[in-house]
Amino acid sequence: MHLDHSHHAPAVGADAHRPDGTRRALRIGLGGPVGSGKTATVAALCRQLRQELSLAVVTNDIYTREDAEFLLREAVLPPERITAVETGACPHTAIRDDISANLEAVEDLEDAVGPLDLILVESGGDNLTATFSKGLVDAQVFVIDVAGGDDIPRKGGPGVTTADLLVVNKTDLAPYVGSDLARMAADAKAQRAELPVVFQSLRGETGVADVAAWVRERLAAWTA
Amino acid sequence: MSRAALLVLADGRFPAGGHAHSGGAEAAVKAGRVTCAASLEDFCRGRAHTAGLVAGALAAAAVLGMDAAELDAAADARTPSPALRAAARRLGRQLLRAARASWPSDELDALAGAFPKGAHQPVVLGLAARAAGLGPEDAAYCAAYESVSGPATATVRLLSLDPFDATGVLARLAPELDRVADSAVEAARRAVTEGVDALPAASGPLLEVGAEWHAAWPVRLFAS
Ligand SMILES: Nc1nc2c(ncn2[C@@H]2O[C@H](COP(=O)(O)OP(=O)(O)OP(=O)(O)O)[C@@H](O)[C@H]2O)c(=O)[nH]1
Ligand SMILES: [Mg+2]
């Protein structure tokens, strides 16, 4: 049995370098409940960042390829920069407990279209406890929306409480569904202390600008 | 040798990508061949004596030190369905990542170098068992058990089958799995002197046909 640590080729994904010694892309995960706007946020981020960065996307659909197909249809990136992972009916397993298929997808993207600056990994829509493994992503965004009930920030849970960025999406719908944005902001603050929260409407003028700014900050820290 | 290493390798939670695969159960459920615990048991029995036996012999032969490339070619020859060959290589690649992280060894590193896109899963399983200090019987047991445990857990999700019934199926099959593992090891020992042609080539035609059919579906819960 060999239990020494003399094996240099990285076998696991958290390693910040690729086998050839170059720095790998920053990986950001986007998780959150079904329909909260993860794919729409990914699409908007690609449109904002694709001029300045080399980008790729991995989607995790539960039983279709709809997210990947939406991104392809919208032509936010060339098709070879978008990969769909099949998750076997269990989206959180594929991003947290057994990340092997996702690691393979990010590594294959870097091999095929790299060098890449940034890979966005979208989780299949899941529940409030779904978080990404640190072996898969370097930072994670949790996307909820105002229409899912304004008590979600108060309920907390690992996604809301620990994600590196909480996005409260679809603020344009707040008046129609009776969601109290001030209360959501106060509850989120109570759950997250200093961790950032962005209120966003992809239908509004500023769109994804705040999230894109946060991504640029993470990238600056990654490459520093 | 550590007996507990066998439990680590055989654990359904070992992060090697298996959760996204149904071992042919999704196709069998859709075709109406698996509808309840009794038909699941028939399905699993057939798989154990065909796919399970072949995988067990390949894995045991790898533990006994047979050439990995030769075993990989033998696995190809015993897998008519291109979709199943692709799935076996994908699972092999994922298992190799987990095994290298768990039991670092020069042999596993060399296998990764020789098969960057993955060798057949049973071959990797055998070399992983070897790196863990396990014997050919252990590897054959892992392969035989995996051949039925994957479909059983997948069927719990696909049919909302009572999980106790599914576990009962596995328990009733245990004596047969003993015999499958025994014959697998016996064949592997013969192959060491007689060559890979002495390895079993049992196959379930419906598993192969079903895999091709399944791979073409636009909507499915499992990757294979
Ligand atoms: N009004 C409004 N609708 C939005 C906004 N963002 C997204 N949507 C819509 O919400 C719906 C769901 O958005 P997606 O981006 O597909 O949501 P998702 O989180 O990726 O969904 P799953 O992947 O299925 O979990 C779509 O119809 C979007 O157009 C927003 O800011 N305002
Ligand atoms: Mg989506």
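Scroll up a little and you will see the structure.
This one's a predicted model, so the numbers in the text were calculated from it and none came from an experiment. (Residues numbered from 1 in each chain as written. Chains lettered and ligands numbered in written order. Predicted model: local features only at pLDDT ≥ 70, side-chain atom pairs only at ≥ 80, totals over all residues. Heavy atoms only, no water.)

Q: What is the right way to look at the overall build of chain A in this model?
A: Scanning chain A for helices and strands turns up nine helices and seven strands. Here chain A has a C-alpha radius of gyration of 17 Å; the compact-globule value for 224 residues is 17 Å, and the two agree. Seen through its C-alpha atoms, chain A measures out along the principal axes to roughly 60 × 40 × 40 Å. The buried share among the 224 residues of chain A stands at 52%. Taken as a whole, chain A presents about 9,800 Å² of accessible surface, with 52% of it coming from carbon and sulfur. Taken as two groups, the 21 positive and 33 negative side-chain charges of chain A have centres that lie 4 Å from each other. (Helix = DSSP H or I, 4+ residues; strand = E, 2+ residues; numbered from the N terminus. Rg over C-alpha atoms; globule rule 2.2 N^0.38 Å. Buried < 20%, exposed > 50% of the residue type's maximum accessible area, 1.4 Å probe, protein only. Areas by Shrake-Rupley, 256 points an atom, 1.4 Å probe, with all protein chains shown as cover. Lys, Arg positive; Asp, Glu negative; His and termini not counted. Charge placed at Lys NZ, Arg CZ, Asp CG, Glu CD.)

Q: Just checking my understanding: could you explain the sheet that holds strand E7 (residues 197-199) of chain A for this structure?
A: Paired through backbone hydrogen bonds, the strands of a sheet run either parallel or antiparallel to each other. Residues and elements named next belong to chain A. Strand order in the open sheet made by the seven strands is E3-E2-E4-E1-E5-E6-E7, with parallel pairing throughout. Of all strands in the sheet, those bounded by a partner on one side alone are strand E3 (82-86) and E7. Taken over all neighbouring pairs, the strand axes of this sheet differ in orientation by 20° on average, direction set aside. Summarising the sheet, strand E2 (residues 55-61) and strand E4 (residues 118-122) pair through five bridges and their orientation is parallel. Note that in E4 the partner of Leu-55 across the bridge is Leu-118. Lying on the sheet, helix H1 (residues 38-49) is in contact with strand E1 (26-31), E2, E4 and strand E5 (139-145); it crosses E4 at an angle near 165°. Set on the sheet, helix H8 (residues 181-192) makes contact with E5, strand E6 (165-169) and E7; between it and E7 the angle comes to about 165°. (Pairing = 2+ DSSP bridges. Axes fitted to C-alpha atoms, helices over the stretch in contact; angles between N-to-C directions. Contact = heavy atoms within 4.5 Å.)

Q: I'm lost on the interface of chain B and chain A in this one. Help?
A: Accessible area lost during the coming together of the parts is what is often quoted as the interface size. With 29 residues of chain B in contact, the opposing surface of chain A contributes 28 residues. For the pairing of chain B and chain A, the buried interface totals around 2,400 Å² over both sides, and the portion due to carbon and sulfur atoms is 51%. For chain B, the biggest contributors to the area lost against chain A are His19(B), Arg97(B) and Pro104(B); these three give 28% of the whole. The tally of links between chain B and chain A comes to five salt bridges. Measuring nitrogen to oxygen at the nearest pair gives 2.5 Å for the salt bridge that ties Glu86(A) to Arg220(B). Our count for the chain B to chain A interface comes out at eight residue pairs in polar contact (both at pLDDT 80 or more). Sorting the residues of the side of chain B that touches chain A by element identifies helix H5 (82-102) and helix H6 (106-114) of chain B as the ones contributing at least two each. (Buried area = accessible area lost by both parts, 1.4 Å probe. Salt bridge = Lys/Arg side-chain N within 4 Å of Asp/Glu carboxyl O. Polar contact = N/O pair within 3.5 Å; in protein donor to acceptor, adjacent residues only side chain to side chain.)

Q: Just to check I follow, could you spell out the pattern of salt bridges for this structure?
A: Two side chains with opposite charge may pair up if their charged atoms get near one another. Enumeration according to the criterion identifies 29 salt bridges over all chains in this entry. In this structure, Lys155(A) engages Asp151(A) in a salt bridge whose closest nitrogen and oxygen atoms are separated by 3.9 Å. The exposure class assigned to Lys155(A) is exposed, which follows from its relative accessible area of 51%. Overall, Asp151(A) belongs to the partly exposed group, its relative accessible area being 22%. The salt bridge involving Asp187(A) is made with Arg183(A); its shortest N-O contact spans 3.6 Å. Of this pair, Asp187(A) and Arg183(A) both sit in helix H8, separated by four residues, roughly a single helical turn. The exposure class assigned to Asp187(A) is buried, which follows from its relative accessible area of 17%. Because the salt bridges share partners, they merge into one network encompassing Glu41(B), Asp42(B), Arg45(B), Arg172(B) and Glu176(B).

Q: When you look at the site of ligand 1 in this model, what are you seeing that I'm missing?
A: Residues and elements named next belong to chain A. For ligand 1, the set of nearby residues contains 17 residues, the closest of which are Lys-38, Thr-39, Ala-40, Asp-172 and Leu-202. Within the backbone of Gly-35, an N or O atom sits 3.1 Å from an oxygen atom of ligand 1. For ligand 1, an oxygen atom lies 3.1 Å from a polar atom in the side chain of Lys-170. Element by element, the count of residues in the shell around ligand 1 is highest for H1, at three residues. Of the residues in the shell around ligand 1, the class split is four nonpolar, seven polar and six charged. (Near = heavy atom within 4 Å. Nonpolar A, V, L, I, M, F, W, Y, C, P; charged D, E, K, R; others polar.)

Q: For this particular structure, what's the right way to read the side chain of Thr59(A)?
A: Note that Thr59(A) resides in strand E2. In contact with Thr59(A), other than residues within four places in its own chain, are Asp67(A), Ala68(A), Leu71(A), Thr83(A), Ala84(A), Val85(A) and Glu122(A).

Q: What should I look at first to understand the nonpolar core in this one?
A: Within soluble globular proteins, side chains that are nonpolar tend to cluster in buried spots. Counting 73 residues, the largest nonpolar core has Leu9(B), Leu40(B), Leu71(B), Leu111(B) and Leu199(B) as its most contacted members. Per-element tally for this core: the top contributor is helix H3 (residues 37-63) of chain B, with 15 residues. Beyond its immediate stretch of four places on either side in the chain, Leu9(B) contacts Phe14(B), Trp103(B), Leu125(B), Ala128(B), Ala129(B), Leu134(B) and Cys142(B). The next biggest cluster of nonpolar side chains, apart from the first, holds 32 residues, and it includes Val76(A), Val141(A), Val143(A) and Val198(A). (Core = buried A, V, L, I, M, F, W, Y, C linked by side-chain atoms within 4.5 Å.)

Q: I tried to follow the packing of aromatic side chains on my own but got confused; where do I start?
A: Each aromatic ring pair is specified by the distance between its two centres and by the angle formed by the two planes. Residue and element names in this part refer to chain B. Counting across every chain of the model gives two aromatic pairs over all chains. Measuring from ring centre to ring centre gives 5.8 Å for Phe-14 and Trp-103, while their planes differ by 25°; the resulting arrangement is stacked. Pair noted here: Phe-14 is in the loop between helix H1 (3-10) and helix H2 (25-30) and Trp-103 is in the loop between H5 and H6, with a separation of 89 residues, a long-range link. One exposure class covers both Phe-14 and Trp-103, and it is buried. (Phe/Tyr/Trp six-rings, centres within 6.5 Å; stacked < 30°, edge-to-face > 60°.)

Q: Would you mind going over the environment of Ser36(A) with me for this structure?
A: All names here are of chain A. Structurally, Ser-36 is set in the loop between E1 and H1. Take Ser-36: its relative accessible area is 1%, and that puts it in the buried class. Setting aside its immediate chain neighbours within four residues, Ser-36 contacts Val-143, Ile-144, Asp-145, Asn-169 and Lys-170. At 3.2 Å, the side chain of Ser-36 forms a polar contact with the backbone oxygen of Pro-33.

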